[in-house]
Amino acid sequence: MKIVILGGDGFCGWATSLYLSTRGHDIIIVDNLSRRDIDNELGVSSLTPISFPQERIAAWKEVSNNEIKFHNIDVAREYDSLLALLKKYEPDAVVHFAEQRAAPYSMRTPKAKRYTVDNNTNATHNLLCAIVESKLDIHLVHLGTMGVYGYGKFENTPIPEGYLKVQVPQPDGPALEREIMYPADPGSVYHMTKTLDALLFYFYNKNDKLRVTDLHQGIVWGTTTDETGRDERLINRFDYDGDYGTVLNRFLMQAAIGFPLTVHGQGGQKRAFIHIRDSARCIELALQNPPQKGDRVQIFNQMTETHRVGELAEMVSKATGVPIQKLENPRNEMERNELNVMNENFLRIGLKPIKLDEGLAAEVTDIARKYAYRVDRSKILATSRWRS
Ligand SMILES: NC(=O)c1ccc[n+]([C@@H]2O[C@H](COP(=O)([O-])OP(=O)(O)OC[C@H]3O[C@@H](n4cnc5c(N)ncnc54)[C@H](O)[C@@H]3O)[C@@H](O)[C@H]2O)c1
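Throughout what follows, the structure given in this document is the object of discussion. (Residues numbered from 1 in each chain as written. Predicted model: local features only at pLDDT ≥ 70, side-chain atom pairs only at ≥ 80, totals over all residues.)

Things to note about the overall build of the chain
Phase 1: Counting its regular elements, the chain contains twelve helices and 14 strands.
Phase 2: Here the chain has a C-alpha radius of gyration of 20 Å; the compact-globule value for 388 residues is 21 Å, and the two agree.
Phase 3: Dimensions of the chain along its principal axes, counting C-alpha atoms only, are 60 × 60 × 40 Å.
Phase 4: Pairs at least 24 apart in sequence give 82% of the contacts found in the chain among residues at least 6 apart. (Helix = DSSP H or I, 4+ residues; strand = E, 2+ residues; numbered from the N terminus. Rg over C-alpha atoms; globule rule 2.2 N^0.38 Å. Contact = placed C-beta atoms within 7 Å.)

Digging into the site of the ligand
Phase 1: Contacts to the ligand come from 27 residues, most closely from Gly7, Gly10, Cys12, Arg35 and Leu143.
Phase 2: Going through the elements one at a time, α1 (11–22), α2 (34–42), α6 (110–134), β5 (139–145) and β9 (219–221) are the ones with two or more residues in the shell around the ligand.
Phase 3: Among the elements that take part in the shell around the ligand, α1 stands out by supplying three residues, more than any other.
Phase 4: Per-class residue counts for the shell around the ligand are eleven nonpolar, nine polar and seven charged. (Near = placed C-beta within 6 Å. Nonpolar A, V, L, I, M, F, W, Y, C, P; charged D, E, K, R; others polar.)

Describing the nonpolar core
Phase 1: Within the largest apolar cluster, 89 residues are counted, with the highest numbers of intra-cluster contacts made by Leu6, Val95, Leu127, Phe251 and Leu252.
Phase 2: Those residues in contact with leucine 6 that lie beyond four places of it in its chain are Val30, Val75, Val94, Val95, His96, Phe97, Ala98 and Leu127.
Phase 3: With nine residues, the next largest nonpolar core counts Ala103, Tyr105, Met107 and Met192 among its residues. (Core = buried A, V, L, I, M, F, W, Y, C linked by C-beta atoms within 7 Å. Buried ≥ 20, exposed ≤ 12 C-beta atoms within 10 Å, placed from the backbone.)

A short note on the sheet that holds strand β8 (residues 211–217)
Phase 1: Across the sheet, which stays open at both edges, the seven strands sit in the order β3-β2-β1-β4-β5-β8-β12 with parallel pairing between neighbours. Two strands lie at the open edges of the sheet, namely β3 (68–71) and β12 (298–302), each paired on one side alone. Direction aside, the axes of adjacent strands within the sheet are offset by 20° on average.
Phase 2: Here strand β2 (residues 26–30) pairs with β3 via four bridges, running parallel. In the strand pairing of β3, valine 30 is matched with histidine 71.
Phase 3: Sitting on the sheet, helix α9 (residues 276–288) is in contact with β1 (2–6), β4 (93–96), β5, β8 and β12, with an inclination near 160° to β8. (Pairing = 2+ DSSP bridges. Axes fitted to C-alpha atoms, helices over the stretch in contact; angles between N-to-C directions.)

Topic: α6
Phase 1: Across its 25 residues, α6 extends 35 Å between first and last C-alpha, which sits within 8% of the 36 Å expected from 1.5 Å per residue.
Phase 2: Every buried residue of α6 is listed here: Ala112, Thr116, Asn119, Asn120, Ala123, Thr124, Asn126, Leu127, Leu128, Ala130 and Ile131.
Phase 3: Lysine 135 lies just past α6 and shows a positive phi near 65°. (Expected span 1.5 Å × (residues − 1).)

Focus: the sheet that holds β9
Phase 1: The strand order across the open sheet built from three strands is β9-β11-β13, with neighbouring strands paired in mixed fashion. If you trace the sheet from one side to the other, it starts and ends with β9 and β13 (305–308), each paired once. For this sheet, the mean angle separating the axes of adjacent strands, direction not counted, is 45°.
Phase 2: Across three bridges, the pairing between β9 and strand β11 (residues 270–275) is parallel. Bridging from a neighbouring strand, isoleucine 219 pairs with phenylalanine 273 of β11.
Phase 3: Along the sheet face, α9 touches β9 and β11 and points at about 75° away from the line of β11.

Observations concerning unusual backbone geometry
Phase 1: In this structure, glutamate 155 takes a positive phi of about 55° despite not being glycine.
Phase 2: Positionally, glutamate 155 belongs in the loop between β5 and β6 (163–168).
Phase 3: Its identity as a non-glycine residue notwithstanding, lysine 209 has a phi of 60°, on the positive side.
Phase 4: Among the secondary structure elements, lysine 209 is positioned in the loop between α7 (189–208) and β8.

Notes on the packing of helix α4 (residues 79–89) against α6
Describing two packed helices takes the angle between their axes plus the distance from one axis to the other.
Phase 1: Where α4 meets α6, the axes come as close as 9 Å, and the angle between the chain directions of the two elements is 45°. Between α4 and α6, the interaxial angle falls into the category oblique. Note that α4 runs across α6; the crossing there is right-handed. Across from Tyr79, Leu82, Leu83, Leu86 and Lys87 in α4, the residues of α6 making contact are Asn126, Leu127, Ala130, Ile131, Glu133 and Ser134.
Phase 2: Among the residues forming the contact of α4 with α6, the class breakdown is seven nonpolar, two polar and two charged. (Parallel < 35°, antiparallel > 145°, perpendicular 65-115°, else oblique. Left-handed = near helix turned anticlockwise from the far one by under 90°.)

A look at α1
Phase 1: Counted at 1.5 Å a residue, the expected span for α1 with its twelve residues is 16 Å, and the 17 Å between its end C-alpha atoms agrees.
Phase 2: For α1, the buried fraction is high: eleven of the twelve residues fall into the buried class.
Phase 3: For α1, the full list of buried residues reads Phe11, Cys12, Gly13, Trp14, Ala15, Thr16, Ser17, Leu18, Tyr19, Leu20 and Ser21.
Phase 4: Of the residues trailing α1, glycine 24 is marked for its positive phi of about 90°.

Some thoughts on the environment of arginine 374
Phase 1: Of note, arginine 374 is situated in the segment after α12 (358–370).
Phase 2: For arginine 374, a count of 15 C-beta atoms within 10 Å gives the class partly exposed.
Phase 3: Residues arginine 374 and threonine 16 lie 358 residues apart in sequence; the distance between their C-alpha atoms is 25 Å.

Some thoughts on the environment of glutamate 335
Phase 1: Structurally, the position occupied by glutamate 335 is in the loop between β14 (324–327) and α11 (344–348).
Phase 2: On the basis of neighbour counts, which here come to 11 C-beta atoms within 10 Å, the residue glutamate 335 falls in the exposed class.
Phase 3: With 130 residues separating them along the chain, glutamate 335 and asparagine 205 place their C-alpha atoms 37 Å apart.
Phase 4: Contacts of glutamate 335, omitting those with residues within four sequence positions, involve Gly265, Gln266 and Gly268.

Keep in mind these values describe shape, not function.
Next comes the structure, spelled out in C-alpha coordinates:
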(Lines give C-alpha, C1' and ligand atoms only; values in the text may rest on other atoms or scores of the structure.)
Protein backbone atom coordinates (compact mmCIF):
# COMPACT_ATOMS: atom_id res chain seq x y z
CA MET A 1 0.00 0.00 0.00
CA LYS A 2 1.04 3.59 -0.51
CA ILE A 3 0.48 5.30 2.85
CA VAL A 4 0.82 8.94 3.89
CA ILE A 5 1.59 9.27 7.61
CA LEU A 6 0.63 12.70 8.95
CA GLY A 7 2.59 13.36 12.15
CA GLY A 8 5.12 10.67 11.24
CA ASP A 9 7.94 12.36 13.16
CA GLY A 10 6.10 11.92 16.48
CA PHE A 11 6.19 9.16 19.11
CA CYS A 12 3.51 6.89 17.59
CA GLY A 13 3.99 8.11 14.00
CA TRP A 14 7.70 7.31 13.77
CA ALA A 15 7.36 3.80 15.19
CA THR A 16 4.37 3.12 12.92
CA SER A 17 6.15 4.47 9.82
CA LEU A 18 9.09 2.10 10.32
CA TYR A 19 6.82 -0.83 11.20
CA LEU A 20 4.81 -0.36 7.98
CA SER A 21 7.93 0.32 5.89
CA THR A 22 9.44 -2.99 7.05
CA ARG A 23 6.32 -4.76 5.90
CA GLY A 24 6.73 -3.51 2.35
CA HIS A 25 4.50 -0.44 2.35
CA ASP A 26 5.51 2.74 0.58
CA ILE A 27 5.65 5.42 3.29
CA ILE A 28 5.42 9.20 2.91
CA ILE A 29 5.79 11.14 6.17
CA VAL A 30 4.27 14.60 6.54
CA ASP A 31 5.15 16.60 9.65
CA ASN A 32 5.62 20.29 10.43
CA LEU A 33 7.90 19.47 13.41
CA SER A 34 5.61 21.43 15.75
CA ARG A 35 6.19 18.85 18.48
CA ARG A 36 9.92 19.61 18.41
CA ASP A 37 9.05 23.35 18.54
CA ILE A 38 6.88 22.79 21.64
CA ASP A 39 9.85 21.09 23.32
CA ASN A 40 11.80 24.30 22.70
CA GLU A 41 8.93 26.40 24.02
CA LEU A 42 8.75 24.32 27.23
CA GLY A 43 12.52 24.08 27.55
CA VAL A 44 12.56 20.27 27.55
CA SER A 45 13.65 17.56 25.17
CA SER A 46 12.91 13.91 24.63
CA LEU A 47 14.72 11.74 27.17
CA THR A 48 16.11 9.79 24.24
CA PRO A 49 18.33 11.73 21.83
CA ILE A 50 16.16 11.76 18.71
CA SER A 51 17.84 12.58 15.41
CA PHE A 52 16.66 15.16 12.90
CA PRO A 53 14.03 13.79 10.50
CA GLN A 54 16.46 13.82 7.56
CA GLU A 55 19.05 11.88 9.56
CA ARG A 56 16.48 9.34 10.79
CA ILE A 57 15.26 8.71 7.29
CA ALA A 58 18.79 8.37 5.88
CA ALA A 59 19.65 5.91 8.68
CA TRP A 60 16.53 3.89 7.88
CA LYS A 61 17.55 3.68 4.23
CA GLU A 62 20.99 2.52 5.32
CA VAL A 63 19.79 -0.24 7.65
CA SER A 64 16.69 -1.44 5.78
CA ASN A 65 17.27 -0.35 2.19
CA ASN A 66 13.74 1.10 2.30
CA GLU A 67 13.09 4.64 1.32
CA ILE A 68 10.74 6.88 3.32
CA LYS A 69 9.84 10.27 1.89
CA PHE A 70 9.47 13.32 4.13
CA HIS A 71 7.53 16.55 3.56
CA ASN A 72 7.42 19.45 5.98
CA ILE A 73 3.81 20.65 5.67
CA ASP A 74 1.56 22.22 8.29
CA VAL A 75 -1.59 20.20 7.72
CA ALA A 76 -3.69 22.71 9.66
CA ARG A 77 -2.54 25.71 7.63
CA GLU A 78 -1.12 24.64 4.28
CA TYR A 79 -4.18 23.23 2.59
CA ASP A 80 -2.91 23.65 -0.97
CA SER A 81 0.32 21.79 -0.23
CA LEU A 82 -1.61 18.98 1.42
CA LEU A 83 -3.96 18.67 -1.54
CA ALA A 84 -1.03 18.73 -4.00
CA LEU A 85 0.68 15.99 -2.00
CA LEU A 86 -2.39 13.75 -2.12
CA LYS A 87 -2.74 14.31 -5.85
CA LYS A 88 0.96 13.63 -6.43
CA TYR A 89 1.20 10.37 -4.49
CA GLU A 90 -2.40 9.09 -4.82
CA PRO A 91 -2.12 7.12 -1.56
CA ASP A 92 -4.36 4.18 -0.69
CA ALA A 93 -4.54 5.42 2.89
CA VAL A 94 -3.64 8.34 5.13
CA VAL A 95 -2.88 7.74 8.80
CA HIS A 96 -3.58 10.93 10.75
CA PHE A 97 -1.47 11.44 13.89
CA ALA A 98 -0.85 15.17 13.28
CA GLU A 99 -2.43 16.81 16.31
CA GLN A 100 -1.36 18.48 19.55
CA ARG A 101 -1.81 15.51 21.83
CA ALA A 102 -1.08 16.49 25.44
CA ALA A 103 -4.09 17.14 27.68
CA PRO A 104 -2.00 19.12 30.24
CA TYR A 105 -0.45 21.27 27.49
CA SER A 106 -3.93 21.95 26.09
CA MET A 107 -4.99 23.33 29.51
CA ARG A 108 -1.82 25.31 30.15
CA THR A 109 -2.71 28.81 28.93
CA PRO A 110 -5.43 30.46 26.82
CA LYS A 111 -2.87 30.50 23.98
CA ALA A 112 -2.26 26.75 24.26
CA LYS A 113 -6.03 26.06 24.39
CA ARG A 114 -6.60 28.09 21.24
CA TYR A 115 -3.61 26.56 19.48
CA THR A 116 -4.82 23.04 20.29
CA VAL A 117 -8.32 23.70 18.94
CA ASP A 118 -7.08 25.57 15.84
CA ASN A 119 -4.40 23.03 15.05
CA ASN A 120 -6.35 19.84 15.65
CA THR A 121 -9.70 20.72 14.15
CA ASN A 122 -8.16 22.49 11.14
CA ALA A 123 -5.75 19.62 10.50
CA THR A 124 -8.60 17.11 10.50
CA HIS A 125 -10.94 19.29 8.48
CA ASN A 126 -8.27 20.18 5.91
CA LEU A 127 -7.54 16.51 5.44
CA LEU A 128 -11.20 15.58 4.94
CA CYS A 129 -11.74 18.47 2.57
CA ALA A 130 -8.57 17.63 0.59
CA ILE A 131 -9.58 13.97 0.24
CA VAL A 132 -12.93 15.06 -1.20
CA GLU A 133 -11.29 17.63 -3.52
CA SER A 134 -8.68 15.10 -4.69
CA LYS A 135 -11.50 12.75 -5.79
CA LEU A 136 -9.31 9.86 -4.64
CA ASP A 137 -10.76 6.90 -2.75
CA ILE A 138 -8.45 7.20 0.25
CA HIS A 139 -9.00 5.30 3.49
CA LEU A 140 -8.48 7.73 6.37
CA VAL A 141 -7.25 6.17 9.62
CA HIS A 142 -7.31 8.62 12.53
CA LEU A 143 -5.78 8.31 15.97
CA GLY A 144 -8.39 9.32 18.49
CA THR A 145 -8.42 8.67 22.21
CA MET A 146 -10.29 6.61 24.80
CA GLY A 147 -10.77 9.94 26.59
CA VAL A 148 -13.63 10.87 24.23
CA TYR A 149 -15.89 8.52 26.20
CA GLY A 150 -15.18 10.22 29.51
CA TYR A 151 -14.43 8.27 32.66
CA GLY A 152 -17.01 6.69 34.93
CA LYS A 153 -20.02 8.27 33.25
CA PHE A 154 -22.07 5.06 33.20
CA GLU A 155 -20.26 3.35 36.11
CA ASN A 156 -18.96 -0.07 35.05
CA THR A 157 -21.07 -0.52 31.90
CA PRO A 158 -18.85 -1.87 29.10
CA ILE A 159 -17.82 0.91 26.71
CA PRO A 160 -18.75 -0.20 23.19
CA GLU A 161 -16.67 0.61 20.12
CA GLY A 162 -17.97 4.05 19.24
CA TYR A 163 -21.70 3.38 19.01
CA LEU A 164 -24.30 2.92 21.72
CA LYS A 165 -27.55 0.97 21.26
CA VAL A 166 -30.46 3.07 22.51
CA GLN A 167 -34.22 2.91 22.56
CA VAL A 168 -35.86 6.12 21.34
CA PRO A 169 -39.34 6.55 22.86
CA GLN A 170 -42.12 7.21 20.30
CA PRO A 171 -45.28 9.21 21.06
CA ASP A 172 -47.51 6.40 19.75
CA GLY A 173 -46.19 2.91 19.50
CA PRO A 174 -43.11 0.97 20.54
CA ALA A 175 -39.69 2.58 21.03
CA LEU A 176 -37.27 2.64 18.09
CA GLU A 177 -34.00 0.74 18.41
CA ARG A 178 -31.07 2.80 17.17
CA GLU A 179 -27.29 2.95 17.39
CA ILE A 180 -25.99 6.45 18.06
CA MET A 181 -22.49 7.83 18.52
CA TYR A 182 -21.47 7.24 22.14
CA PRO A 183 -22.13 10.47 24.07
CA ALA A 184 -18.91 12.48 24.09
CA ASP A 185 -17.58 13.54 27.48
CA PRO A 186 -14.17 15.23 27.05
CA GLY A 187 -12.05 15.99 30.10
CA SER A 188 -9.68 18.57 28.57
CA VAL A 189 -9.44 20.91 25.58
CA TYR A 190 -7.30 18.27 23.86
CA HIS A 191 -9.93 15.58 24.38
CA MET A 192 -12.59 18.03 23.23
CA THR A 193 -10.80 18.40 19.88
CA LYS A 194 -10.98 14.63 19.41
CA THR A 195 -14.75 14.71 19.97
CA LEU A 196 -14.97 17.54 17.40
CA ASP A 197 -12.95 15.37 15.00
CA ALA A 198 -15.57 12.64 15.44
CA LEU A 199 -18.34 14.99 14.25
CA LEU A 200 -16.24 16.04 11.25
CA PHE A 201 -15.79 12.36 10.34
CA TYR A 202 -19.51 11.73 10.81
CA PHE A 203 -20.42 14.56 8.43
CA TYR A 204 -17.92 13.77 5.65
CA ASN A 205 -18.76 10.09 5.83
CA LYS A 206 -22.48 10.83 5.53
CA ASN A 207 -22.14 13.54 2.91
CA ASP A 208 -19.22 12.39 0.75
CA LYS A 209 -19.09 8.69 1.60
CA LEU A 210 -15.50 8.99 2.80
CA ARG A 211 -14.06 5.80 4.23
CA VAL A 212 -12.90 6.55 7.76
CA THR A 213 -11.57 4.45 10.64
CA ASP A 214 -11.32 6.26 13.97
CA LEU A 215 -9.11 4.50 16.53
CA HIS A 216 -9.91 5.33 20.13
CA GLN A 217 -6.51 4.67 21.58
CA GLY A 218 -5.50 4.14 25.20
CA ILE A 219 -2.36 5.59 26.78
CA VAL A 220 0.66 4.33 24.87
CA TRP A 221 3.60 3.04 26.87
CA GLY A 222 6.99 1.62 25.95
CA THR A 223 9.33 3.28 23.52
CA THR A 224 11.33 0.79 21.49
CA THR A 225 10.08 -1.36 18.63
CA ASP A 226 12.01 -3.94 16.59
CA GLU A 227 12.62 -1.25 13.98
CA THR A 228 13.53 1.74 16.18
CA GLY A 229 15.94 -0.50 18.09
CA ARG A 230 17.97 -1.32 14.99
CA ASP A 231 20.20 1.75 15.13
CA GLU A 232 20.67 4.52 17.67
CA ARG A 233 19.82 7.11 15.00
CA LEU A 234 16.35 5.53 14.73
CA ILE A 235 15.59 5.89 18.43
CA ASN A 236 12.02 6.85 19.30
CA ARG A 237 10.92 9.90 21.26
CA PHE A 238 10.44 9.43 25.03
CA ASP A 239 8.53 12.25 26.71
CA TYR A 240 8.92 12.47 30.47
CA ASP A 241 7.98 16.05 31.36
CA GLY A 242 4.85 17.09 33.26
CA ASP A 243 2.92 18.01 30.10
CA TYR A 244 3.83 15.38 27.51
CA GLY A 245 5.06 12.45 29.58
CA THR A 246 2.42 9.69 29.81
CA VAL A 247 1.77 8.08 33.14
CA LEU A 248 3.39 4.64 32.96
CA ASN A 249 6.47 5.82 31.05
CA ARG A 250 6.83 8.59 33.64
CA PHE A 251 6.74 6.09 36.53
CA LEU A 252 9.38 3.94 34.83
CA MET A 253 11.59 6.95 34.13
CA GLN A 254 11.17 8.22 37.70
CA ALA A 255 12.07 4.78 39.03
CA ALA A 256 15.19 4.73 36.86
CA ILE A 257 16.49 7.99 38.34
CA GLY A 258 15.23 7.44 41.91
CA PHE A 259 12.65 10.25 41.74
CA PRO A 260 9.58 9.50 43.95
CA LEU A 261 6.73 8.29 41.71
CA THR A 262 4.24 11.12 41.22
CA VAL A 263 0.61 10.05 41.76
CA HIS A 264 -1.94 12.84 41.40
CA GLY A 265 -4.78 12.49 43.90
CA GLN A 266 -5.29 9.06 45.48
CA GLY A 267 -4.50 7.10 42.29
CA GLY A 268 -8.01 5.65 41.88
CA GLN A 269 -8.21 6.80 38.24
CA LYS A 270 -8.56 3.78 35.96
CA ARG A 271 -7.17 4.20 32.44
CA ALA A 272 -6.69 2.11 29.29
CA PHE A 273 -3.20 1.20 28.03
CA ILE A 274 -1.50 -0.20 24.97
CA HIS A 275 2.15 -0.91 24.19
CA ILE A 276 3.77 1.04 21.33
CA ARG A 277 4.35 -2.21 19.40
CA ASP A 278 0.66 -3.12 19.60
CA SER A 279 -0.26 0.41 18.60
CA ALA A 280 1.68 0.01 15.33
CA ARG A 281 0.24 -3.48 14.79
CA CYS A 282 -3.32 -2.17 15.31
CA ILE A 283 -2.78 0.47 12.65
CA GLU A 284 -1.61 -2.19 10.23
CA LEU A 285 -4.74 -4.24 11.03
CA ALA A 286 -6.96 -1.19 10.54
CA LEU A 287 -5.31 -0.52 7.17
CA GLN A 288 -5.87 -4.14 6.12
CA ASN A 289 -9.53 -4.02 7.16
CA PRO A 290 -10.95 -0.80 5.71
CA PRO A 291 -14.64 0.03 5.71
CA GLN A 292 -16.41 -0.30 2.35
CA LYS A 293 -17.69 2.74 0.49
CA GLY A 294 -21.00 3.70 2.10
CA ASP A 295 -20.21 2.10 5.48
CA ARG A 296 -20.52 4.36 8.50
CA VAL A 297 -17.34 5.55 10.28
CA GLN A 298 -15.60 2.46 11.63
CA ILE A 299 -14.58 2.89 15.25
CA PHE A 300 -12.22 0.55 17.11
CA ASN A 301 -11.11 0.77 20.72
CA GLN A 302 -7.33 0.52 20.45
CA MET A 303 -6.32 -0.62 23.93
CA THR A 304 -5.31 -3.90 25.48
CA GLU A 305 -5.70 -3.53 29.26
CA THR A 306 -6.87 -1.19 32.01
CA HIS A 307 -5.12 -0.29 35.26
CA ARG A 308 -5.57 2.11 38.13
CA VAL A 309 -2.86 4.76 38.23
CA GLY A 310 -2.14 4.08 41.93
CA GLU A 311 -1.80 0.34 41.31
CA LEU A 312 0.70 0.93 38.52
CA ALA A 313 2.73 3.15 40.82
CA GLU A 314 2.68 0.46 43.52
CA MET A 315 3.80 -2.17 41.02
CA VAL A 316 6.75 -0.05 39.86
CA SER A 317 7.57 0.96 43.43
CA LYS A 318 7.61 -2.68 44.59
CA ALA A 319 9.87 -3.71 41.71
CA THR A 320 12.35 -0.86 42.18
CA GLY A 321 12.12 0.28 45.80
CA VAL A 322 11.43 3.88 44.73
CA PRO A 323 8.73 5.42 46.97
CA ILE A 324 5.46 7.00 45.83
CA GLN A 325 4.60 10.66 46.44
CA LYS A 326 0.93 11.64 46.35
CA LEU A 327 0.40 15.12 44.96
CA GLU A 328 -2.60 17.37 44.56
CA ASN A 329 -4.46 16.49 41.35
CA PRO A 330 -4.21 19.39 38.87
CA ARG A 331 -6.97 17.86 36.74
CA ASN A 332 -10.71 18.21 37.09
CA GLU A 333 -11.60 14.52 37.23
CA MET A 334 -13.20 11.88 39.47
CA GLU A 335 -11.03 10.55 42.29
CA ARG A 336 -11.96 7.01 41.32
CA ASN A 337 -13.70 5.58 38.29
CA GLU A 338 -14.49 2.24 36.72
CA LEU A 339 -13.44 1.50 33.16
CA ASN A 340 -14.68 -1.53 31.31
CA VAL A 341 -13.72 -1.31 27.63
CA MET A 342 -14.74 -3.57 24.76
CA ASN A 343 -11.97 -4.23 22.22
CA GLU A 344 -13.39 -7.21 20.31
CA ASN A 345 -12.88 -5.60 16.88
CA PHE A 346 -9.07 -5.78 16.99
CA LEU A 347 -9.07 -9.19 18.69
CA ARG A 348 -11.37 -10.51 15.95
CA ILE A 349 -9.06 -9.34 13.15
CA GLY A 350 -5.90 -10.74 14.70
CA LEU A 351 -4.45 -8.62 17.52
CA LYS A 352 -2.56 -10.73 20.07
CA PRO A 353 -2.20 -8.23 22.89
CA ILE A 354 1.14 -7.57 24.55
CA LYS A 355 0.29 -7.24 28.24
CA LEU A 356 2.18 -5.21 30.80
CA ASP A 357 4.98 -7.46 31.93
CA GLU A 358 8.17 -6.95 33.80
CA GLY A 359 10.39 -7.62 30.79
CA LEU A 360 8.88 -4.82 28.77
CA ALA A 361 8.73 -2.51 31.76
CA ALA A 362 12.40 -3.27 32.43
CA GLU A 363 13.21 -2.41 28.82
CA VAL A 364 11.74 1.06 29.33
CA THR A 365 13.57 1.44 32.66
CA ASP A 366 16.82 0.45 30.93
CA ILE A 367 16.30 3.11 28.26
CA ALA A 368 15.52 5.63 30.99
CA ARG A 369 18.61 4.59 32.95
CA LYS A 370 20.81 4.83 29.88
CA TYR A 371 19.69 8.39 29.19
CA ALA A 372 19.19 9.48 32.81
CA TYR A 373 21.95 12.05 32.36
CA ARG A 374 19.60 13.92 29.99
CA VAL A 375 16.79 14.32 32.57
CA ASP A 376 16.01 17.82 33.73
CA ARG A 377 14.50 17.09 37.15
CA SER A 378 12.89 20.52 37.27
CA LYS A 379 10.61 19.51 34.35
CA ILE A 380 9.22 16.35 35.92
CA LEU A 381 6.39 17.76 38.01
CA ALA A 382 3.13 18.67 36.25
CA THR A 383 2.50 22.41 36.30
CA SER A 384 -0.56 22.80 34.05
CA ARG A 385 -3.78 23.34 36.05
CA TRP A 386 -7.33 22.60 34.93
CA ARG A 387 -8.76 25.38 37.12
CA SER A 388 -7.09 28.76 37.36
N1 LIG B 1 0.84 8.94 22.91
C2 LIG B 1 -0.27 8.46 23.43
O3 LIG B 1 -0.29 7.91 24.55
C4 LIG B 1 -1.58 8.59 22.66
C5 LIG B 1 -2.73 8.01 23.22
C6 LIG B 1 -3.94 8.12 22.54
C7 LIG B 1 -3.99 8.79 21.32
N8 LIG B 1 -2.85 9.34 20.80
C9 LIG B 1 -2.98 10.07 19.53
O10 LIG B 1 -2.01 9.63 18.60
C11 LIG B 1 -1.54 10.72 17.82
C12 LIG B 1 -0.01 10.75 17.90
O13 LIG B 1 0.38 10.88 19.26
P14 LIG B 1 1.92 10.97 19.64
O15 LIG B 1 2.05 10.56 21.05
O16 LIG B 1 2.71 10.30 18.60
O17 LIG B 1 2.12 12.55 19.57
P18 LIG B 1 3.40 13.39 19.10
O19 LIG B 1 3.17 14.79 19.54
O20 LIG B 1 4.65 12.70 19.48
O21 LIG B 1 3.27 13.32 17.49
C22 LIG B 1 2.39 14.13 16.75
C23 LIG B 1 3.16 14.60 15.52
O24 LIG B 1 2.27 15.40 14.73
C25 LIG B 1 2.98 16.55 14.28
N26 LIG B 1 1.96 17.59 14.04
C27 LIG B 1 1.14 18.19 14.93
N28 LIG B 1 0.38 19.12 14.32
C29 LIG B 1 0.73 19.10 13.00
C30 LIG B 1 0.31 19.85 11.87
N31 LIG B 1 -0.60 20.81 11.97
N32 LIG B 1 0.87 19.57 10.67
C33 LIG B 1 1.81 18.60 10.55
N34 LIG B 1 2.27 17.87 11.60
C35 LIG B 1 1.73 18.13 12.82
C36 LIG B 1 3.94 16.89 15.40
O37 LIG B 1 5.05 17.66 14.97
C38 LIG B 1 4.34 15.50 15.88
O39 LIG B 1 5.51 15.04 15.24
C40 LIG B 1 -2.18 11.99 18.38
O41 LIG B 1 -3.22 12.42 17.55
C42 LIG B 1 -2.71 11.55 19.73
O43 LIG B 1 -3.87 12.24 20.07
C44 LIG B 1 -1.65 9.25 21.44
